[in-house]
Amino acid sequence: MAKSLFDKIWDAHVVKAIPGGLEVFYIDRHLIHEVTSPQAFDELRARGLPLLRPAQMVATADHNVPTRNQHLPIADPISRSQVDKLTENCASFGVELFGLGHENQGIVHVIGPELGITQPGMTIVCGDSHTSTHGAFGAIAFGIGTSQVTQVMATQCLLLSRPKRMRITIDGELRPGVTAKDLILHIIAQLGTGGATGYFVEYAGSAIRSLSMEGRMTVCNMSIEMGARGGMIAPDATTYAYLQGRPYAPQGERWTQVLAYWQTLYSEEGAEFEADLLIDAQTIAPMITYGTNPGMGIALSGHIPAQVAASEAASFEKSLQYMGFQPGETLLGKEITHVFIGSCTNSRIEDLRAVAAYVQGKQKAAHVEAIIVPGSKSVEKQAIAEGLDKILAQAGFELREPGCSACLAMNDDKIPDGAYCVSTSNRNFEGRQGPGARTLLASPLVAAITAVQGRIVDITQYLN
Amino acid sequence: MDKFQTLRSTAVPLPLENIDTDQIIPARFLKSTTREGFGANLFADWRYASNGEPKHGFVLNDTRYHGQILLAGHNFGCGSSREHAAWALYDAGFKVVISSEFADIFRGNALNTGLLPLQVSAEVLQRLVARVTHYPNTQLEVDLPTQTLSVPVWNESFAFDIDLYKKECLINGYDDIDYLLSQQSAITTYEEARTWSI
Ligand code: SF4
């Protein structure tokens, strides 16, 4: 029977099927960070268990780290102790750690791909929902809770039921000013925040094929925002070209062997999907969100819905009240005081280049605070090597040191109560960027133009 | 993990849709390296003003409502994978969350915490919310072995689904790790047999 990409990889990782439907599922790579791992290490200690395959793990400090003066000890004692705990745990259990100051440090979903740790055909987990990012390489990658982190640590396996399969095909060419971020925000707005619950999504079609790896990662990253277990894209020449020569990617003869295997990873003609959607790329416009979940998105020049289904009315009303918006109104012209460019969705070198290319020779609006937080040390280094730091500084943007930063505001990078922030991150939940902060999700290009204009504009009239 | 078999309790209605885990436990409270104490910050930003005063009108601050069952809207627990959300609910005394749909990761985390995610139809949820909102003392009964949710005052019972393995785990207080550890030889055999090893 014709097999889907998802089934090929899933089937190759089933250790054992248990009557009743659950399967013992093998995990190739386990990424950890400071926030969701300490309790798992404690549990191992309490049970006297070792790590089964420490060589298949990699750790980094990202969620809770400051984005200024990373060479100094972390000022907040509780944050410091969490990062110290990770360092201690990695040392005593023998896990490779890219800690603060390490040249490979960065947001876990940025460094995995960048180092070549993420590869096609793999199963990858992390105690973080945006692990779906790694699916861009044709891997089955998904977020897990801390109890599952412990399970993978101890057994390299999870007990899972097989999700349903959804394919979303986007054919055609994206319009000018429309990026991978707009594409995924468009899809989430169509499906809603729970529209893919229970599914694993494969993105296909010519619009997806024409995306760079960075763009594909942006798309897969936000799969979780429509409830999907994960998202994936079949590997192709773009994938191989990205991976070849990366520090942890296979080399030499090994490369030739794995490449032959990777080339078998695609959905065969006639493969079954429980849901199959088709989107015309031409229908996608630059997007922005107006509400407090990522499904509440509209075209930049569109209007907030005037009304919603009765069952959603209470949530919709609460959401608009929090955001300070009215049903049916446009966002065009709304004044913005904060712009955040960063997070595992959009903090890769391509994102920084897009922002720099737009703001070169321009100035951010005087009332706007604009920060750019690179996804990793390596992105930061690359940006400096290309002179992007100077372009950004001249335009009034502050380039910080790598970390999750204002994506979840665990560190000092918080958006003030009531302030509007156009953010390239992935969640606009109430208080996500700080108590009372009002987040509008958008692409790096929209964020850059907003910073310069100081308000929301129809970017198609402002493209360089 | 604690065992769960049956529960008779009143319920707390919070019928908003898409309640995400950032609301259940905001990120700034995730700095603790232990599993305890998250209950104090459950729904922190809905429950307390910035000066720490309880917010009037939020259901957990309303003395009419109490109990070990939370009644929540569709797609409960979406967003972040933080298991801290399930720990916070459990730590605050909830043993069951009833909704018409749970986000996948939250459902798994809840089951691994000993918190029962009990899914009912949208229609039953709506009836339960209406009842409990107007009659806060309404008792609900959850019976895991028979997979039923009963409302004695209505003389009605509703069946609910749960994975059989997960049901056994909850009833006996086992977690997945015990089972996975028992599979060690199968895991090693699998690793050795892989044609494409990493
Ligand atoms: S950048 Fe944001 S979404 Fe990504 S891993 Fe960090 S906190 Fe999570």
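A quick note: this is a predicted structure, and the numbers were derived from the prediction, not measured.

Participant: Would you explain the environment of A:N411 in this entry?
Facilitator: All names here are of chain A. Here N411 is to be found in the loop between β17 (398–399) and β18 (420–423). Sequence-wise, N411 and D76 are 335 residues apart; in three dimensions their C-alpha atoms are separated by 8.5 Å. Those residues within four positions of N411 in sequence are excluded, and the remaining contacts are N64, V65, P66, T67 and S405. A polar contact is formed between the side chain of N411 and the backbone oxygen of V65, at a distance of 2.8 Å. In this structure the side chain of N411 is engaged in a polar contact, spanning 2.9 Å, whose partner is the backbone nitrogen of D413.

Participant: In this structure, what is going on with the side chain of A:S132? I would like to understand it.
Facilitator: All names here are of chain A. If you trace the backbone, S132 turns up in the loop between β6 (123–126) and β7 (140–143). Overall, S132 belongs to the buried group, its relative accessible area being 0%. Here the side chain of S132 touches C220 through a polar contact of 2.9 Å, landing on its backbone oxygen.

Participant: What should I look at first to understand the UniProt feature "domain: Aconitase A/isopropylmalate dehydratase small subunit swivel" (unreviewed entry) in chain B in this one?
Facilitator: Taking the numbering used here, the UniProt-annotated feature "domain: Aconitase A/isopropylmalate dehydratase small subunit swivel" (unreviewed entry) corresponds to residues 1–122 of chain B. Helix makes up 22% of residues 1–122 of chain B and strand 16%, and the two end C-alpha atoms of the span are 30 Å apart.

Participant: Can you walk me through the domain arrangement of chain A in this structure?
Facilitator: Where interface size is given, it is often the accessible area lost as the parts come together that is meant. Residues and elements named next belong to chain A. Splitting chain A by domain gives domain 1 (5–276) and domain 2 (289–461). Put simply, the middle of domain 1 and the middle of domain 2, counted by C-alpha atoms, are 24 Å apart. Counting from both sides, the interface comprises 40 residues of domain 1 and, opposite them, 41 residues of domain 2. Approximately 3200 Å² of surface area, both sides summed, lies buried where domain 1 meets domain 2, with 55% of it carried by carbon and sulfur atoms. The largest share of the area that domain 1 buries against domain 2 comes from T67, I107 and K181, three residues that together contribute 20% of it.

Participant: Even after reading the chapter, I still don't get the sheet that holds β18(A), so can you show me in this structure?
Facilitator: Hydrogen bonds along the backbone pair up the strands of a sheet, which may run parallel or antiparallel. Residue and element names in this part refer to chain A. The strand order across the open sheet built from five strands is β17-β16-β15-β18-β19, with neighbouring strands paired in parallel fashion. Two strands in the sheet have a free side with no partner beyond their single neighbour: β17 and β19 (438–441). When strand β15 (residues 338–341) meets strand β16 (residues 369–372), the two strands line up parallel, connected through four bridges. Directly across from I341, in β16, lies its bridge partner I372. Packed onto the sheet, helix α11 (residues 313–323) meets β18 and β19 and runs at close to 105° relative to β19.

Participant: So what exactly am I meant to see when it comes to the packing of aromatic side chains here?
Facilitator: The relative placement of two aromatic rings is captured by the distance of their centres and the angle of their planes. As enumerated under the stated definition, the model contains 19 aromatic pairs over all chains in all. Three or more aromatic residues joined by ring pairs form one cluster here, namely A:F6, A:W10, A:F25, A:F142 and A:F200. One cation-aromatic arrangement involves A:R246 over A:Y242; the distance from NZ or CZ to the ring centre is 3.8 Å. In this structure, B:R127 packs its charged tip against the face of B:W154, placed 4.4 Å from the ring centre.

Participant: Help me understand the site of the ligand in this model?
Facilitator: Residues and elements named next belong to chain A. Lining the immediate surroundings of the ligand are H63, I107, H109, D128, H130, S343, C344, C404, C407, L408, N426 and R432. A class-by-class count of the residues in the shell around the ligand yields five nonpolar, five polar and two charged. Residue contributions to the shell around the ligand reach at least three from each of two domains, namely domain 1 (5–276) and domain 2 (289–461).

Participant: When you look at the pairing of strand β4 (residues 57–60) of chain A in this model, what are you seeing that I'm missing?
Facilitator: Two faces, one strand: in a regular strand the side chains alternate between the faces of the sheet. All names here are of chain A. Every second residue of β4 is oriented toward a common face, with M57 and A59 on one face and V58 and T60 on the other, all of them buried. Relative to β4, strand β3 (residues 29–33) runs parallel, the two sharing four bridges. The partner of H30 across the bridge, within β4, is M57. In terms of handedness, the path from β3 via helix α2 (residues 38–47) over to β4 forms a crossover that is right-handed. For β4 and strand β5 (residues 96–98), the ladder comprises three bridges, and the chain directions are parallel. Among the inter-strand pairings, V58 is bridged to a residue of β5, identified as E96. As for the winding sense of the linkage, the β-α-β connection from β4 through helix α3 (residues 77–93) to β5 is right-handed.

Participant: What should I look at first to understand the interface of chain B and chain A in this one?
Facilitator: The interface of chain B with chain A comprises 51 residues on the first partner and 72 residues on the second. For the pair chain B and chain A, the summed buried surface comes to about 5100 Å²; carbon and sulfur atoms form 58% of the total. Taken together, the links from chain B to chain A amount to six salt bridges. Between B:R194 and A:D28 there is a salt bridge, with its nearest N and O atoms 2.8 Å apart. For the interface between chain B and chain A, the tally reads 26 residue pairs in polar contact (both at pLDDT 80 or more). Within the residue set of the side of chain B that touches chain A, elements represented by two or more residues are α1 (21–24), α3 (84–91), α4 (104–113), α7 (176–181) and α8 (184–193) of chain B. Per element, the largest residue contribution to the side of chain B that touches chain A is six residues, and it comes from α7(B). Class assignment of the residues belonging to the side of chain B that touches chain A gives a composition of 20 nonpolar, 15 polar and 16 charged.

The rules behind each value
Residues numbered from 1 in each chain as written. Chains lettered and ligands numbered in written order. Predicted model: local features only at pLDDT ≥ 70, side-chain atom pairs only at ≥ 80, totals over all residues. Heavy atoms only, no water. Helix = DSSP H or I, 4+ residues; strand = E, 2+ residues; numbered from the N terminus. Contact = heavy atoms within 4.5 Å. Polar contact = N/O pair within 3.5 Å; in protein donor to acceptor, adjacent residues only side chain to side chain. Buried < 20%, exposed > 50% of the residue type's maximum accessible area, 1.4 Å probe, protein only. UniProt positions renumbered as here; feature names shortened; annotations may be inferred. Domains from an automatic or database assignment. Buried area = accessible area lost by both parts, 1.4 Å probe. Pairing = 2+ DSSP bridges. Axes fitted to C-alpha atoms, helices over the stretch in contact; angles between N-to-C directions. Phe/Tyr/Trp six-rings, centres within 6.5 Å; stacked < 30°, edge-to-face > 60°. Lys NZ or Arg CZ within 6 Å of the ring centre and 35° of its normal. Near = heavy atom within 4 Å. Nonpolar A, V, L, I, M, F, W, Y, C, P; charged D, E, K, R; others polar. Right-handed = clockwise from strand over helix to strand, strands pointing away. Salt bridge = Lys/Arg side-chain N within 4 Å of Asp/Glu carboxyl O.

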